[in-house]
Amino acid sequence: MDDIYDVIILGAGPAGLSAGIYASRAKLKTLILNEGTIGGQVILTHEIANYPGVETTNGFQLINTMKKQAKEFGCTIKANLNITGINLSNKIKEIEVNSSDTYKAKTVILALGGKPRTLNISGEENFKGRGVSYCATCDGEFFTDKEVVVVGGGNSALEESVSLAKYVSKLTVVHQFDHFQALPYYVEMAKNNPKINFIMNSELRGIEGEASVKKVKIENLSTGQISELNTNGVFIFIGYSANIDKVKDFITLNSSGEIVVDNNMKTNIEGVFAAGDCIAKRYRQVTTAVADGTIAALSASDYIMNLE
Amino acid sequence: MLMTNLKHVESVDEHKKIMEENENVMICCGRMGPMCLPVYDIMEELEDKYKNVKFYDMDFDGPDAHVIKNAPECAGFMGLPFTMYYKNGKVVKATTSIQDMDQVTSILDEYFEKSEYQHSKVAD
Ligand SMILES: Cc1cc2nc3c(=O)[nH]c(=O)nc-3n(C[C@H](O)[C@H](O)[C@H](O)COP(=O)(O)OP(=O)(O)OC[C@H]3O[C@@H](n4cnc5c(N)ncnc54)[C@H](O)[C@@H]3O)c2cc1C
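Points about the layout of surface pockets
Moving on, step 1. Approximately 520 Å³ is the volume attributed to the second largest pocket.
Moving on, step 2. Those elements that place two or more of their residues in the lining of the second largest pocket are α2 (59-72) and β3 (76-78) of chain A together with α2 (37-46) of chain B.
Moving on, step 3. Class assignment for the residues of the lining of the second largest pocket results in 11 nonpolar, four polar and nine charged.

A look at the interface of chain B and chain A
Moving on, step 1. If you look at the interface, chain B gives 30 residues, while chain A gives 29 residues.
Moving on, step 2. Applying the counting criterion to the chain B and chain A interface returns one salt bridge.
Moving on, step 3. Between the two partners, chain B and chain A, sit seven residue pairs in polar contact (both at pLDDT 80 or more).
Moving on, step 4. Contributing elements (two or more residues each) for the side of chain B that touches chain A: α2 and α4 (101-111) of chain B.
Moving on, step 5. Across the side of chain B that touches chain A, the residue classes tally to 17 nonpolar, eight polar and five charged.

Looking at the side chain of Ser299 of chain A
All names here are of chain A.
Moving on, step 1. With respect to the helices, strands and loops of the structure, Ser299 is situated in helix α6 (residues 286-307).
Moving on, step 2. Classification of Ser299 by relative accessible area gives buried; the value is 11%.
Moving on, step 3. Not counting the four nearest positions on each side in its chain, Ser299 is found in contact with Asn264 and Phe273.

Re the domain arrangement of chain A
Think of interface size as the accessible area that goes away when the parts come together; that is how it is often given.
Moving on, step 1. Assigned domains within chain A: domain 1 (4-115 + 240-307) and domain 2 (118-236).
Moving on, step 2. Once you take the C-alpha centre of each, domain 1 of chain A and domain 2 of chain A turn out to be 33 Å apart.

Quick word on empty space enclosed by the protein
Residue and element names in this part refer to chain A.
Moving on, step 1. Scanning all chains against the criterion turns up one cavity of 30 Å³ or more.
Moving on, step 2. Size it by volume and the largest cavity reaches roughly 40 Å³.
Moving on, step 3. Taken together, Glu147, Val148, Val149, Lys170, Leu171, Thr172, Leu229, Asn230 and Thr231 form the lining of the largest cavity.
Moving on, step 4. Going through the elements one at a time, β9 (147-151), β10 (170-174) and β14 (226-230) are the ones with two or more residues in the lining of the largest cavity.
Moving on, step 5. Of the residues assigned to the lining of the largest cavity, the class counts are four nonpolar, three polar and two charged.

Regarding the site of the ligand
All names here are of chain A.
Moving on, step 1. Around the ligand there are 32 residues in total, and Ala15, Glu35, Gln41, Asp277 and Val286 lie nearest to it.
Moving on, step 2. Between the ligand and the protein, one listed contact pairs an oxygen atom with a side-chain N or O atom of Asn34 at 2.9 Å.
Moving on, step 3. A distance of 3.0 Å separates a nitrogen atom of the ligand from a polar atom in the side chain of Asn50.
Moving on, step 4. Calculation on the ligand without its partners gives an accessible area of 1000 Å², and the protein chains cover 88% of this total.
Moving on, step 5. Put simply, the parts of the chain that give the shell around the ligand at least two residues each are α1 (14-25) and α6.

Definitions and limits used
Residues numbered from 1 in each chain as written. Chains lettered and ligands numbered in written order. Predicted model: local features only at pLDDT ≥ 70, side-chain atom pairs only at ≥ 80, totals over all residues. Heavy atoms only, no water. 1 Å grid on protein atoms, 1.4 Å probe; cavity = no way out; pocket = protein on both sides within 12 Å on 5 of 7 lines; lining within 4 Å. Points joined across faces, edges and corners; volume = space filled by probe spheres on them. Helix = DSSP H or I, 4+ residues; strand = E, 2+ residues; numbered from the N terminus. Nonpolar A, V, L, I, M, F, W, Y, C, P; charged D, E, K, R; others polar. Contact = heavy atoms within 4.5 Å. Salt bridge = Lys/Arg side-chain N within 4 Å of Asp/Glu carboxyl O. Polar contact = N/O pair within 3.5 Å; in protein donor to acceptor, adjacent residues only side chain to side chain. Buried < 20%, exposed > 50% of the residue type's maximum accessible area, 1.4 Å probe, protein only. Domains from an automatic or database assignment. Near = heavy atom within 4 Å. Areas by Shrake-Rupley, 256 points an atom, 1.4 Å probe, with all protein chains shown as cover.

Put into structure tokens, the structure is as follows:
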């Protein structure tokens with residue numbers, strides 16, 4: 001445990017694993033520490049058709065290959081951990097895990113990714129798996145011939161609505177604005193589906209039921225009026241936010257809560273780099289995460305060479 | 001076919017045999033989807049630490065998966081995976097949808113004897 005790693009990478013999504021591949025291949029002593037399952041958001045992805053050089057694959061396969069590559073180059077990966085302490089202020093950085101073990105390194109790469117936003121309204125947590133879902137492909141069939149509400153107005157919300165419409169008898173999209181953020185293609189597909197209805201300018205205020213979901217409370221944001229809608233399910237697709245909770249007190253963030261980096265993925269702290277969906281950038285894809293991870297690892301390698 | 005490193009329950013007969021031969025059993029019945037993979041991953045990790053528990057998965061679309069899908073404890077479940085915890089062949093707990101490490105270990109600790117594994121220790 002007293003060993004000092006060259007690089008500790010926090011996060012084992014595509015950005016972290018790519019950084020792990022590059023750092024360990026550069027013969028740096030590399031450790032990846034991950035909260036949750038290896039793969040990050042990629043394991044939420046059933047089909048990846050836009051990763052160059054790889055014909056259509058699924059998230060599980062793509063991530064398994066990345067993990068294998070990282071391990072083969074000598075990278076150590078530990079997952080399903082709780083990161084309980086992060087001290088980046090000294091030359092040797094310290095990461096405490098599960099309130100017990102501390103790992104030390106000359107550099108740290110933050111590849112913390114993002115997580116799906118939740119509504120944080122009453123009933124959401126209680127009815128998870130009993131009517132509340134975040135995955136249409138996984139749970140759609142349980143709602144065959146039933147009525148559901150989809151919350152959101154981006155690409156995922158409308159794409160998943162169209163896929164859910166194959167099962168359900170009626171689907172109501174509830175969206176907080178009077179227009180959609182989704183690409184016109186998805187909007188068109190949803191609007192052309194006779195099973196899909198829209199309640200715009202509105203937000204869910206509560207989810208109610210007994211053994212499973214029975215109804216939702218909806219507030220019209222223009223009038224403030226609250227109405228009830230009977231439904232068997234609520235699918236929530238309201239986007240993703242960067243996992244910055246554990247670093248926000250000492251890492252510079254932009255106004256959207258994303259980590260600010262320069263072109264070399266350097267953060268405001270010497271020897272600390274960041275990569276992937278947690279950084280301030282416009283496009284969040286596996287390809288961009290992998291590129292960021294590569295740059296962060298090479299920059300960390302440079303930094304270490306200059307230390308010596 | 002589930003591509004995990006867990007042992008698979010393939011039939012009702014096998015399920016029955018596992019129940020007869022083991023005191024503490026956890027079975028995750030699911031697919032290779034985003035809500036199921038994290039639970040398999042956690043189980044694989046816990047196999048070494050909870051030696052007193054047998055960990056299995058079962059294909060939700062397999063012909064004999066009704067042994068779990070139709071269990072009374074799963075009535076009203078609408079989220080994959082369905083995860084069952086058995087003590088001496090009896091269901092002591094069932095969960096629906098994705099669960100995290102803390103949720104799984106707290107069930108294992110509550111219903112089965114606490115393992116020697118300290119939650120504060122890092123998983124290797
Ligand atoms: C439903 C869905 C479909 C998508 N489809 C596609 C697609 O088809 N093509 C495509 O290119 N992109 C797709 N994306 C986007 C792509 O998945 C992301 O851009 C990519 O996964 C980002 O990689 P990342 O490594 O930055 O972050 P993540 O994949 O989010 O990984 C971050 C990892 O860090 C861990 N972590 C978080 N906090 C900490 C901490 N404090 N310490 C240690 N570890 C931590 C997390 O548990 C996670 O494992 C999709 C995303 C979603 C949600």
